[in-house]
Amino acid sequence: AIVSINFDAVTHAYDMSHAEVDLPGVYITYRYAFENSGRIAKEVLHIRKIGSQLSSTFYFRIKGDELSLDTLRESEGTVLPIGDTYFMVSVTRDPDRFAEPRIRTLLLKEQGLHYRFNKHRIGILLSSSAFTKEPCAVRVLLQRQDIITAREVRAFAQKETRFIDEEELKRSFKRKYG
């Protein structure tokens, strides 16, 4: 069965003015499991306004065989502000790796006007496992990047997207924030 959601109808039911100002941009995301495996996926999220909609692209890699680590993958989707939560739904279509599309859902809390002075957000990412197809939930820390043009995003994602450990995450934040 095919499920279709009319995002236009849902989006227009909510005031998007705050989302259009505060949310678009490029973020480095640090995705790590609740069970503290020590494995952290450093990914890139690009949120942009296209017409009256907010859209998103996740750039990521899958840990597994060598082909997986070398291949930058994308998940395209829509951002819906619902109340004081941002709800992003994206679909990964990767015929060389998956027989069926995978869906990623990211939930972020609206942080109000003070967010403009804060480069970090915390969210929950729901997805299906790349290997077992079982649903999984992970924590996500988003770190807003300085202005990057749309043409530079893929090259930026190619360079930044990889797997890191907790020590590298700590060193990265210490270099950037002291």
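Our structure's up above, just so we're on the same page.
All values reported here derive from a predicted model rather than from experimental measurement. (Residues numbered from 1 in each chain as written. Predicted model: local features only at pLDDT ≥ 70, side-chain atom pairs only at ≥ 80, totals over all residues. Heavy atoms only, no water.)

*Asks:* Outline the packing of aromatic side chains, listing residues and values.
*Replies:* This structure, assessed with the given rule, holds 0 aromatic pairs. In this arrangement the basic side chain of R104 is found over the ring face of F58, its NZ or CZ atom lying 5.0 Å from the centre. The ring of F60 carries R104 above its face, with NZ or CZ at 4.3 Å from the centroid. (Phe/Tyr/Trp six-rings, centres within 6.5 Å; stacked < 30°, edge-to-face > 60°. Lys NZ or Arg CZ within 6 Å of the ring centre and 35° of its normal.)

*Asks:* Hey, could you go over the side chain of S75 for me, with residue numbers and the actual values?
*Replies:* Topologically, S75 is positioned in strand β4 (residues 73-82). Exposure remark for S75: the relative accessible area of 0% places this residue in the buried category. Within the structure, the side chain of S75 is placed 2.8 Å from the side chain of S90, a separation counted as a polar contact. Not counting the four nearest positions on each side in its chain, S75 is found in contact with S56, T57, F58, F60, S90, V91, T92 and R104. (Helix = DSSP H or I, 4+ residues; strand = E, 2+ residues; numbered from the N terminus. Buried < 20%, exposed > 50% of the residue type's maximum accessible area, 1.4 Å probe, protein only. Polar contact = N/O pair within 3.5 Å; in protein donor to acceptor, adjacent residues only side chain to side chain. Contact = heavy atoms within 4.5 Å.)

*Asks:* Got a sec to walk through the side chain of R104? Specific residues and values, please.
*Replies:* You can see R104 is positioned in strand β6 (residues 102-109). Among the polar contacts listed, one links the side chain of R104 to the side chain of E43, at a separation of 3.4 Å. Apart from residues lying up to four places away in sequence, R104 is in contact with R31, E43, F58, F60, S75, M88, V89, S90, L125, L126 and S127.

*Asks:* Run through the pairing of strand β2 (residues 40-50), naming residues and quoting values.
*Replies:* In terms of burial, β2 is a largely internal element, 8 of the 11 residues being buried. Pairing geometry for strand β1 (residues 25-33) and β2, over 8 bridges, is antiparallel. Each bridged residue has a counterpart across the sheet, and for T29 the counterpart in β2 is E43. Bridge count between β2 and strand β3 (residues 53-60): 7 bridges; the pairing is antiparallel. Bridge assignment links R48 to a residue of β3, and that residue is S55. Between β2 and β3, which pair antiparallel and follow one another directly, the connecting turn spans 2 residues, one of which, G51, has a positive phi of 65°. (Pairing = 2+ DSSP bridges.)

*Asks:* Could you give me a rundown of the pattern of salt bridges, with the residues and numbers involved?
*Replies:* Throughout the structure, instances matching the rule amount to 8 salt bridges. For the salt bridge of R104 with E43, the shortest nitrogen-to-oxygen distance reads 3.4 Å. Pair noted here: R104 is in strand β6 and E43 is in strand β2, with a separation of 61 residues, a long-range link. Across the pair, exposure class does not vary: R104 and E43 are buried alike. R48 serves as the salt-bridge partner of E76, at 3.5 Å between the closest nitrogen and oxygen. Pair noted here: E76 is in strand β4 and R48 is in strand β2, with a separation of 28 residues, a long-range link. Put simply, R31, E43 and R104 are held in one network by salt bridges that share partners. (Salt bridge = Lys/Arg side-chain N within 4 Å of Asp/Glu carboxyl O.)

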